[in-house]
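Structural characterization, general
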Amino acid sequence: MDTKEKMEFLSKYDDFWSHLSDEEKIFVCQNTDIMSYHPGQNIHSADARCVGVLFVKSGCLRVYIMSEEGKEVTLYRVLPGEVCILSASCVLTEITFDAYVDAEELSEVVVLNAFAFSKMIKNNIYIENFSNKMKAIRFSDVMWTMQQILFFSFDRRLAIFLYEELIKNGPIIRYSHMEIAKYLGSAREVVSRMLKYFENEGIVKVSRKEIEIIDKKKLMERL
(Lines give C-alpha, C1' and ligand atoms only; values in the text may rest on other atoms or scores of the structure.)
Protein backbone atom coordinates (compact mmCIF):
# COMPACT_ATOMS: atom_id res chain seq x y z
CA MET A 1 0.00 0.00 0.00
CA ASP A 2 1.65 3.24 -1.13
CA THR A 3 1.14 6.70 0.35
CA LYS A 4 -1.73 7.55 -2.01
CA GLU A 5 -3.59 4.34 -1.11
CA LYS A 6 -3.03 4.97 2.60
CA MET A 7 -4.43 8.48 2.29
CA GLU A 8 -7.47 7.22 0.40
CA PHE A 9 -8.13 4.60 3.06
CA LEU A 10 -7.61 6.91 6.05
CA SER A 11 -9.73 9.65 4.49
CA LYS A 12 -12.75 7.48 5.33
CA TYR A 13 -12.16 8.46 8.98
CA ASP A 14 -13.15 12.03 8.27
CA ASP A 15 -13.70 13.06 11.88
CA PHE A 16 -9.95 13.37 12.30
CA TRP A 17 -8.33 13.01 8.86
CA SER A 18 -9.86 16.16 7.36
CA HIS A 19 -8.44 18.18 10.26
CA LEU A 20 -4.82 17.18 9.64
CA SER A 21 -2.36 19.39 7.82
CA ASP A 22 -0.59 18.04 4.74
CA GLU A 23 2.55 17.53 6.83
CA GLU A 24 0.60 15.61 9.47
CA LYS A 25 -1.03 13.39 6.83
CA ILE A 26 2.38 12.54 5.41
CA PHE A 27 3.70 11.83 8.93
CA VAL A 28 0.78 9.49 9.62
CA CYS A 29 1.32 7.64 6.34
CA GLN A 30 5.05 7.29 7.03
CA ASN A 31 4.21 5.61 10.33
CA THR A 32 1.45 3.38 9.00
CA ASP A 33 1.80 -0.20 7.76
CA ILE A 34 -0.63 -2.62 6.17
CA MET A 35 -0.56 -5.97 7.95
CA SER A 36 -2.20 -9.33 7.30
CA TYR A 37 -3.09 -11.62 10.20
CA HIS A 38 -4.20 -15.23 9.96
CA PRO A 39 -7.09 -16.68 12.01
CA GLY A 40 -6.17 -17.08 15.67
CA GLN A 41 -3.01 -14.97 15.42
CA ASN A 42 -2.35 -12.78 18.44
CA ILE A 43 -1.85 -9.12 17.53
CA HIS A 44 -1.66 -7.47 20.95
CA SER A 45 -1.19 -8.82 24.45
CA ALA A 46 0.00 -7.76 27.88
CA ASP A 47 3.44 -9.27 27.25
CA ALA A 48 3.99 -7.92 23.72
CA ARG A 49 5.05 -4.47 22.61
CA CYS A 50 2.39 -1.81 22.21
CA VAL A 51 1.18 -2.16 18.62
CA GLY A 52 -0.70 1.07 17.98
CA VAL A 53 -4.09 1.88 16.51
CA LEU A 54 -5.65 -0.78 14.26
CA PHE A 55 -7.90 0.25 11.37
CA VAL A 56 -9.60 -2.91 10.11
CA LYS A 57 -9.68 -3.07 6.31
CA SER A 58 -11.08 -6.59 6.08
CA GLY A 59 -11.69 -9.56 8.35
CA CYS A 60 -12.53 -9.41 12.06
CA LEU A 61 -10.57 -8.91 15.28
CA ARG A 62 -11.53 -10.18 18.74
CA VAL A 63 -10.70 -8.15 21.85
CA TYR A 64 -10.76 -10.08 25.13
CA ILE A 65 -9.48 -10.29 28.68
CA MET A 66 -7.94 -13.34 30.31
CA SER A 67 -7.86 -14.57 33.90
CA GLU A 68 -4.73 -15.94 35.59
CA GLU A 69 -6.15 -19.41 34.97
CA GLY A 70 -6.42 -18.72 31.23
CA LYS A 71 -10.19 -18.21 31.10
CA GLU A 72 -11.14 -15.79 28.33
CA VAL A 73 -14.02 -13.35 28.05
CA THR A 74 -14.63 -11.61 24.74
CA LEU A 75 -15.24 -7.89 25.21
CA TYR A 76 -16.14 -7.02 21.62
CA ARG A 77 -15.25 -7.59 17.99
CA VAL A 78 -13.78 -5.09 15.55
CA LEU A 79 -15.25 -5.29 12.05
CA PRO A 80 -14.19 -3.75 8.70
CA GLY A 81 -14.29 0.04 8.86
CA GLU A 82 -13.96 0.01 12.65
CA VAL A 83 -11.02 0.91 14.86
CA CYS A 84 -9.28 -0.98 17.67
CA ILE A 85 -7.71 1.47 20.10
CA LEU A 86 -6.97 -0.80 23.08
CA SER A 87 -3.99 -2.08 21.09
CA ALA A 88 -2.47 1.35 21.80
CA SER A 89 -3.00 1.00 25.56
CA CYS A 90 0.57 2.14 26.32
CA VAL A 91 -0.43 5.58 25.02
CA LEU A 92 -3.78 5.66 26.81
CA THR A 93 -3.03 6.21 30.48
CA GLU A 94 -6.71 5.68 31.38
CA ILE A 95 -6.51 2.01 30.31
CA THR A 96 -5.36 0.09 33.38
CA PHE A 97 -6.27 -3.49 32.45
CA ASP A 98 -4.61 -5.94 30.09
CA ALA A 99 -6.52 -6.55 26.88
CA TYR A 100 -5.68 -9.06 24.18
CA VAL A 101 -6.40 -8.76 20.47
CA ASP A 102 -6.54 -11.75 18.09
CA ALA A 103 -7.50 -12.03 14.46
CA GLU A 104 -10.73 -14.00 14.38
CA GLU A 105 -10.42 -14.62 10.64
CA LEU A 106 -7.98 -13.69 7.89
CA SER A 107 -7.70 -9.95 8.43
CA GLU A 108 -6.05 -7.03 6.67
CA VAL A 109 -5.31 -4.19 9.06
CA VAL A 110 -3.82 -0.72 8.68
CA VAL A 111 -1.62 -0.10 11.72
CA LEU A 112 -0.68 3.38 12.95
CA ASN A 113 2.26 2.73 15.27
CA ALA A 114 2.15 3.76 18.92
CA PHE A 115 4.98 6.29 18.62
CA ALA A 116 3.21 8.29 15.91
CA PHE A 117 -0.16 8.04 17.65
CA SER A 118 1.37 9.29 20.90
CA LYS A 119 2.96 12.25 19.14
CA MET A 120 -0.20 13.12 17.21
CA ILE A 121 -2.48 12.90 20.23
CA LYS A 122 -0.32 15.47 22.05
CA ASN A 123 -0.17 17.92 19.16
CA ASN A 124 -3.58 17.72 17.51
CA ILE A 125 -6.85 18.18 19.40
CA TYR A 126 -8.79 16.36 16.70
CA ILE A 127 -6.70 13.24 17.15
CA GLU A 128 -7.32 13.48 20.89
CA ASN A 129 -11.07 13.88 20.27
CA PHE A 130 -11.02 10.89 17.91
CA SER A 131 -9.24 8.85 20.58
CA ASN A 132 -11.79 9.84 23.22
CA LYS A 133 -14.66 8.98 20.89
CA MET A 134 -13.21 5.52 20.19
CA LYS A 135 -12.67 4.92 23.92
CA ALA A 136 -16.27 5.91 24.67
CA ILE A 137 -17.62 3.56 22.00
CA ARG A 138 -15.57 0.64 23.26
CA PHE A 139 -16.37 1.40 26.89
CA SER A 140 -20.04 1.05 25.95
CA ASP A 141 -19.28 -2.31 24.30
CA VAL A 142 -17.41 -3.50 27.39
CA MET A 143 -20.23 -2.43 29.71
CA TRP A 144 -22.76 -4.31 27.55
CA THR A 145 -20.63 -7.44 27.87
CA MET A 146 -20.28 -7.00 31.64
CA GLN A 147 -24.03 -6.44 31.96
CA GLN A 148 -24.68 -9.74 30.21
CA ILE A 149 -22.20 -11.63 32.39
CA LEU A 150 -23.43 -10.17 35.66
CA PHE A 151 -27.18 -9.95 35.14
CA PHE A 152 -28.28 -12.22 32.28
CA SER A 153 -28.96 -15.92 32.52
CA PHE A 154 -26.71 -18.09 30.40
CA ASP A 155 -29.48 -19.14 28.02
CA ARG A 156 -30.15 -15.47 27.23
CA ARG A 157 -26.43 -14.75 26.73
CA LEU A 158 -26.13 -17.68 24.35
CA ALA A 159 -29.26 -16.57 22.49
CA ILE A 160 -27.80 -13.06 22.09
CA PHE A 161 -24.57 -14.54 20.73
CA LEU A 162 -26.43 -16.75 18.26
CA TYR A 163 -28.68 -13.89 17.15
CA GLU A 164 -25.71 -11.57 16.57
CA GLU A 165 -24.05 -14.29 14.49
CA LEU A 166 -27.29 -14.81 12.57
CA ILE A 167 -27.39 -11.12 11.66
CA LYS A 168 -23.71 -11.06 10.78
CA ASN A 169 -23.23 -14.32 8.87
CA GLY A 170 -26.60 -15.97 8.33
CA PRO A 171 -28.20 -19.07 9.89
CA ILE A 172 -25.13 -21.33 9.71
CA ILE A 173 -22.70 -20.69 12.59
CA ARG A 174 -19.32 -22.35 12.26
CA TYR A 175 -17.88 -22.11 15.76
CA SER A 176 -16.91 -24.97 18.01
CA HIS A 177 -18.48 -25.25 21.45
CA MET A 178 -15.08 -24.37 22.94
CA GLU A 179 -14.84 -21.20 20.85
CA ILE A 180 -18.32 -20.11 21.94
CA ALA A 181 -17.37 -20.82 25.55
CA LYS A 182 -14.37 -18.49 25.18
CA TYR A 183 -16.56 -15.74 23.77
CA LEU A 184 -19.05 -16.06 26.61
CA GLY A 185 -16.60 -16.68 29.45
CA SER A 186 -18.07 -20.07 30.25
CA ALA A 187 -17.17 -23.76 30.04
CA ARG A 188 -17.53 -25.92 26.95
CA GLU A 189 -19.77 -28.36 28.82
CA VAL A 190 -22.17 -25.56 29.76
CA VAL A 191 -22.37 -24.40 26.12
CA SER A 192 -22.94 -27.96 24.90
CA ARG A 193 -25.77 -28.57 27.40
CA MET A 194 -27.51 -25.31 26.52
CA LEU A 195 -27.18 -25.93 22.77
CA LYS A 196 -28.70 -29.37 23.31
CA TYR A 197 -31.58 -27.71 25.17
CA PHE A 198 -32.03 -25.21 22.32
CA GLU A 199 -32.01 -28.12 19.88
CA ASN A 200 -34.71 -29.93 21.83
CA GLU A 201 -36.74 -26.71 21.76
CA GLY A 202 -36.48 -26.60 17.96
CA ILE A 203 -34.37 -23.42 17.90
CA VAL A 204 -31.17 -24.84 16.44
CA LYS A 205 -29.80 -27.94 14.81
CA VAL A 206 -26.40 -28.93 16.14
CA SER A 207 -23.88 -30.99 14.19
CA ARG A 208 -20.20 -31.66 14.81
CA LYS A 209 -18.81 -28.61 13.04
CA GLU A 210 -21.68 -26.15 12.86
CA ILE A 211 -24.87 -24.84 14.41
CA GLU A 212 -27.86 -24.04 12.23
CA ILE A 213 -30.53 -21.67 13.47
CA ILE A 214 -33.81 -23.15 12.28
CA ASP A 215 -36.35 -20.99 14.13
CA LYS A 216 -35.45 -17.30 14.32
CA LYS A 217 -38.70 -16.41 16.09
CA LYS A 218 -38.09 -18.85 18.94
CA LEU A 219 -34.51 -17.62 19.23
CA MET A 220 -35.65 -14.01 19.51
CA GLU A 221 -38.05 -14.98 22.29
CA ARG A 222 -34.95 -15.88 24.33
CA LEU A 223 -33.33 -12.46 23.96
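Residues numbered from 1 in each chain as written. Predicted model: local features only at pLDDT ≥ 70, side-chain atom pairs only at ≥ 80, totals over all residues. Heavy atoms only, no water.

1. Thoughts on helix 5 (residues 125–151)
- Relative to the 39 Å expected for 27 residues at 1.5 Å per residue, helix 5 spans 38 Å between its end C-alpha atoms, a close match to the ideal helical length.
- Every buried residue belonging to helix 5 is among Ile 127, Phe 130, Ser 131, Met 134, Lys 135, Arg 138, Val 142, Thr 145 and Gln 148, and all of these are buried.
- Those residues of helix 5 hidden inside the fold are in contact with helix 2 (14–17), strand 3 (52–58), strand 5 (72–78), strand 6 (83–84), helix 4 (114–123) and helix 6 (154–169). (Helix = DSSP H or I, 4+ residues; strand = E, 2+ residues; numbered from the N terminus. Expected span 1.5 Å × (residues − 1). Buried < 20%, exposed > 50% of the residue type's maximum accessible area, 1.4 Å probe, protein only. Contact = heavy atoms within 4.5 Å.)

2. Things to note about the side chain of Ser 87
- Considering the arrangement of structural elements, one finds Ser 87 in the loop between strand 6 and strand 7 (100–103).
- Given a relative accessible area of 0%, Ser 87 falls into the buried group.
- Looking at Ser 87, its side chain comes within polar contact range of the main-chain oxygen of Cys 84, at 3.2 Å.
- Those residues in contact with Ser 87 that lie beyond four places of it in its chain are His 44, Cys 50, Val 51, Gly 52, Val 53, Leu 54 and Val 101. (Polar contact = N/O pair within 3.5 Å; in protein donor to acceptor, adjacent residues only side chain to side chain.)

3. Overview of the packing of helix 6 against helix 7 (residues 177–184)
- The contact between helix 6 and helix 7 brings their axes to 11 Å, and the two run at 110°. Overall, the two elements helix 6 and helix 7 adopt an arrangement that is roughly perpendicular. Taking contact as the criterion, the partners of Phe 154, Arg 157, Leu 158 and Phe 161 in helix 6 are, on helix 7, Ile 180, Tyr 183 and Leu 184.
- When its residues are assigned to classes, the contact of helix 6 with helix 7 shows six nonpolar, no polar and one charged. (Axes fitted to C-alpha atoms, helices over the stretch in contact; angles between N-to-C directions. Parallel < 35°, antiparallel > 145°, perpendicular 65-115°, else oblique. Nonpolar A, V, L, I, M, F, W, Y, C, P; charged D, E, K, R; others polar.)

4. A short note on the pairing of strand 5
- In terms of residue burial, strand 5 counts as a mostly covered element, since seven of its seven residues are buried.
- Relative to strand 5, strand 4 (residues 61–66) runs antiparallel, the two sharing six bridges. Considered in strand 5, the bridge of Arg 62 is made with Arg 77.
- Between strand 4 and strand 5, which pair antiparallel and follow one another directly, the connecting turn spans five residues, one of which, Gly 70, has a positive phi of 90°. (Pairing = 2+ DSSP bridges.)

5. Focus: the side chain of Glu 24
- Within the secondary structure, Glu 24 sits in helix 3 (residues 22–30).
- Notably, Glu 24 is buried but unbridged: the nearest opposite-charge side chain belongs to Lys 25, and the N-O separation is 8.6 Å.
- Apart from the residues within four sequence positions on either side, Glu 24 is in contact with His 19, Met 120 and Asn 124. (Lys, Arg positive; Asp, Glu negative; His and termini not counted. Salt bridge = Lys/Arg side-chain N within 4 Å of Asp/Glu carboxyl O.)

6. A short note on the sheet that holds strand 5
- On the basis of which strands lie adjacent, the open sheet formed by four strands has the order 2-7-4-5 and antiparallel pairing. Of all strands in the sheet, those with a lone pairing partner are strand 2 (42–44) and strand 5, marking the two edges. Neighbouring strand axes in the sheet, compared pairwise and without regard to direction, differ in orientation by 35° on average.
- Sheet topology note: the strand 2/strand 7 ladder contains two bridges and is antiparallel. Counted as the bridge partner of Asn 42 is Asp 102 from strand 7.

That is the geometry; function is a separate question.
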